[in-house]
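# Structural characterization, general
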Amino acid sequence: MQSKKKRLEGGGRKAAHPEMEQELLQWIEALRAENLKISRADIQRKALELYQGVGQDEFVASKGWLEKFLDRNHLSLRRRTTVGQKLPSDLIPKVTSFIMKIRRIRHSKAFPFSSIGNMDETPLWLDMPGDTTITKSGAKSVPIRTTGHEEGRFTVALSAMADGRKLEPFVVFKGVRPVKELSNVSGVVVAYSRNGWMNERLTKDWVDRVWGTLNFGRRRLVWDAYKCHTVETIATHIIQQTNTDVCLIPGGLTKLVQPADVSWNKAFKTAYKAKYSEWMASGQKSYTAAGNMHAPNKAQCLKWVKECWSSLSTELIQKSFRSCGITVNVDGSEDAEIHCLKAGQEAALAAPAITDLTRRLMQEDESDEDPFAGVDEEDEEELEQNELVIYTDSD
C-alpha cells in the first residue's frame, strides 16, 4: 500500500536568486498597494532589470521561471468579467448567407486582396487599466488604480486591407472646436463630435480622408450594419465617389465574421492598456491644485494609438480576413481556416450547407430558389445590443 505524501508548504524547487526575487516581490506589493495593474510581462521585465545588479550567471526570466515565481509567492492573474455580444437566434442561416455572398462576389469578379477592406469603430477611455493584474491569490477585492476619468471616452476607427496594409487610425475626440496642437499630427486623422462618438457626418469624413476617393480599380468594403454605415447618403457617397461596393455584415455576427472584431480590436486594446499601465506606473503626470491626477492628454493618447496600431503585424491582418471567410479560396478548399465553422465553434453547423452551396457554385448551378430568402442583413434589435451606439449630430 502506497502512502500518500503531502507536499509541504514552501516545498519544491527553491528560488535560484532569492535576493532578486524578494526585491521583485516588494516591487509588486508596492504597486498593488497603489492599486496599479501588473502584467506577467511587467514582472519579467522588472526581473531582468533587477537581476543585472545582482546576478552573474545567465538569467532570461522565462515563462517557466515566471510560473514558479508566482506559485512560490502565492500570486495569480485575476480577470474582470465582461458581457459579450448576444448571438442571433438565426445564427446558422445568417453566417451561411454572409459567407456565400462574399464567395459569389469573388467568384464572379476577382478582387485583389489589396482592394478588399474592413473598418470598425471601437471605444477607448482616458483611463484603460486593463482587465487583469497579478495580485495575492484568494484576494476578495482586486482594485486597479486610475486617474478617475473612466467616463472620458473617445472613438478610434481602425481600417485595413486584406493584403495586410493598415490605413491611418481615425480618432474622434469629444468637443466642438479642433485642438490646434493636434491638427497636424502625422499618421493619424483627428476629428471631433459633441459626444466623442462616430456619426453620419464623421463617417463621410472617414470615407474621404482615410478610405480615399482616388482609386483606379473597384474596391470592396466590408463593414457592420450600424446606422451611420447604412444611411442612404453614406451608401451613395461611397459608391459614387470612391468606386467601392459595400458588403454589410448581418446584425449580431460581427464577433464571428468581422476581421476587426475577431482579431485587431483585442490586440490593439491589449497593447493600448499596456501603454496606459506603464504610464501609470512610471510615466510623467500632472496634478490639479487639489492634488488629483490629470488623465493622459490627447496628444499622449494619439501617440499610443499610433504606436499600438503600428505594432500589429501584417500577418495578423491577413489572417483575420481569412479566418472570417473573406479571402479563403472560393472553391471551399481552405474552409478549415474559417474559425467560426470549426468543430465546437458557434457556427460549426453552417459548414455542411456552405460546402454544398460552394459545390453548386463551382458547378455554376444557377438555381432560382434562394434558400436564405427572408434573412435580413440588418436586425434593429440586435444592433442596439452591440458595443458602440451611434448618434447623429442632432441627437
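Just so we're clear, the structure is a prediction, and the values are computed from it rather than from any experiment. (Residues numbered from 1 in each chain as written. Predicted model: local features only at pLDDT ≥ 70, side-chain atom pairs only at ≥ 80, totals over all residues. Heavy atoms only, no water.)

## Examining the nonpolar core
A general tendency of soluble globular proteins is for nonpolar side chains to be buried together. Within the largest apolar cluster, 57 residues are counted, with the highest numbers of intra-cluster contacts made by Val95, Phe154, Trp264, Phe268 and Leu341. With near-sequence residues (within four places) excluded, Trp264 lies in contact with Asn118, Leu158, Ser159, Ala160, Pro259, Trp309, Leu312, Leu316, Ile317, Ser320 and Phe321. Formed by 19 residues, the second largest nonpolar core is a distinct cluster that contains Met161, Val189, Ala191 and Leu202. (Core = buried A, V, L, I, M, F, W, Y, C linked by side-chain atoms within 4.5 Å. Buried < 20%, exposed > 50% of the residue type's maximum accessible area, 1.4 Å probe, protein only. Contact = heavy atoms within 4.5 Å.)

## Looking at the confidence of the model for the protein chain
When pLDDT is averaged along the protein chain, the result is 80; 76% of the residues meet or exceed 70. Taken as a whole, residues 5-12 scores under 50 in pLDDT and shows three contacts with residues more than four places along the chain or in a different chain. Ignoring residues within four places in sequence, the model shows residues 142-150, a span with pLDDT below 50, making 40 contacts including any to other chains. (pLDDT = per-residue confidence, 0-100.)

## Some words on the packing of helix H5 (residues 200-211) against helix H7 (residues 232-242)
Their axes nearest at 10 Å, the elements H5 and H7 cross at an angle of 15 degrees. Taken together, the axes of H5 and H7 are roughly parallel relative to one another. Between H5 and H7 the crossing geometry is right-handed. In this structure, H5 uses Glu200, Thr203, Lys204, Val207, Asp208 and Trp211 to contact H7, whose residues at the interface are Thr233, Ile234, His237, Ile238 and Thr242. (Axes fitted to C-alpha atoms, helices over the stretch in contact; angles between N-to-C directions. Helix = DSSP H or I, 4+ residues; strand = E, 2+ residues; numbered from the N terminus. Parallel < 35°, antiparallel > 145°, perpendicular 65-115°, else oblique. Left-handed = near helix turned anticlockwise from the far one by under 90°.)

## Details of unusual backbone geometry
With a phi angle near 55 degrees, Ala61 is a residue other than glycine that sits in the positive phi range. Note that Ala61 resides in the loop between helix H2 (40-51) and helix H3 (63-72). You can call Ala61 buried: its relative accessible area is 4%. Its identity as a non-glycine residue notwithstanding, Asn243 has a phi of 55 degrees, on the positive side. Residue Asn243 is classed as partly exposed on the basis of its relative accessible area, which comes to 23%.

## A word on the pairing of strand S6 (residues 189-193)
Taken across its five residues, S6 has five buried, putting it largely inside the fold. Covered by surrounding structure in S6 are Val189, Ala191 and Ser193 together with Val190 and Tyr192, the residues of both alternating faces. Here strand S5 (residues 170-174) runs beside S6; their pairing, made up of five bridges, is parallel. For Phe173, the partnering residue across the bridge sits in S6 and is Tyr192. (Pairing = 2+ DSSP bridges.)

## A closer look at the sheet that holds strand S7 (residues 219-224)
The strand order across the open sheet formed by six strands is S6-S5-S4-S2-S7-S8, and the pairing between neighbours is mixed. Taken across any chain shown, the strands that pair with only one partner, and hence form the sheet edges, are S6 and strand S8 (244-249). Pairwise comparison of adjacent strand axes, ignoring direction, gives a mean angle of 25 degrees for this sheet. Together, strand S2 (116-125) and strand S4 (153-161) form the strand contacts of helix H9 (residues 259-282), whose direction differs from that of S2 by roughly 40 degrees.

## A short note on the packing of helix H4 (residues 91-108) against helix H12 (residues 351-362)
Two packed helices can be described by the angle between their axes and the distance between those axes. One way to put it is that H4 packs onto H12 with a least axis distance of 10 Å and a crossing angle of 20 degrees. Overall, the two elements H4 and H12 adopt an arrangement that is roughly parallel. Handedness of the crossing formed by H4 with H12: right-handed. On H12, the residues touching Thr96, Ile99, Met100, Arg103, Arg104 and His107 of H4 are Ala353, Ile354, Leu357, Thr358, Leu361 and Met362. For the contact of H4 with H12, the per-class residue count stands at seven nonpolar, three polar and two charged. (Nonpolar A, V, L, I, M, F, W, Y, C, P; charged D, E, K, R; others polar.)

## Considering H5
Its twelve residues place the ends of H5 15 Å apart at the C-alpha level, agreeing with the 16 Å of an ideal helix rising 1.5 Å per residue. Every buried residue belonging to H5 is among Leu202, Thr203, Trp206, Val207, Val210 and Trp211, and all of these are buried. The buried side chains of H5 occupy one side of the element, clustering within an arc of 155 degrees when seen end-on. In this structure Asn199 caps H5, since a side-chain oxygen of it lies 3.1 Å from the backbone nitrogen of Arg201. Backbone geometry just after H5 places Gly212 at a positive phi near 90 degrees. (Expected span 1.5 Å × (residues − 1). Arc of directions from axis to C-beta. Polar contact = N/O pair within 3.5 Å; in protein donor to acceptor, adjacent residues only side chain to side chain.)

## So, the pattern of salt bridges
One pass over the full model with this rule turns up 16 salt bridges. A salt bridge links Arg322 to Glu337; its shortest N-O distance comes to 2.8 Å. Remark: Glu337 occurs in the loop between helix H11 (314-323) and H12 and Arg322 occurs in helix H11; sequence separation between them is 15 residues. One connected set of salt bridges, linked through shared partners, spans Arg218, Arg220 and Asp245. (Salt bridge = Lys/Arg side-chain N within 4 Å of Asp/Glu carboxyl O.)

## Some words on the packing of aromatic side chains
All told, the structure shown has twelve aromatic pairs when counted by the stated rule. On the numbers, 6.0 Å between centres and 45 degrees between planes, the contact of Tyr276 with Trp279 is tilted. Here Trp279 and Tyr276 lie together in helix H9, a separation of three residues that amounts to about one turn. Of the two residues examined, Tyr276 and Trp279, each falls in the buried class. Ring-pair connections join several aromatic residues into one group, and the members of that group are Phe268, Tyr272, Tyr276, Trp279 and Trp304. Sitting over the ring of Phe111, Lys109 keeps its end group 5.6 Å from the ring centre. The ring centre of Trp309 lies 5.8 Å from the NZ or CZ of Lys166, which sits over that ring. (Phe/Tyr/Trp six-rings, centres within 6.5 Å; stacked < 30°, edge-to-face > 60°. Lys NZ or Arg CZ within 6 Å of the ring centre and 35° of its normal.)

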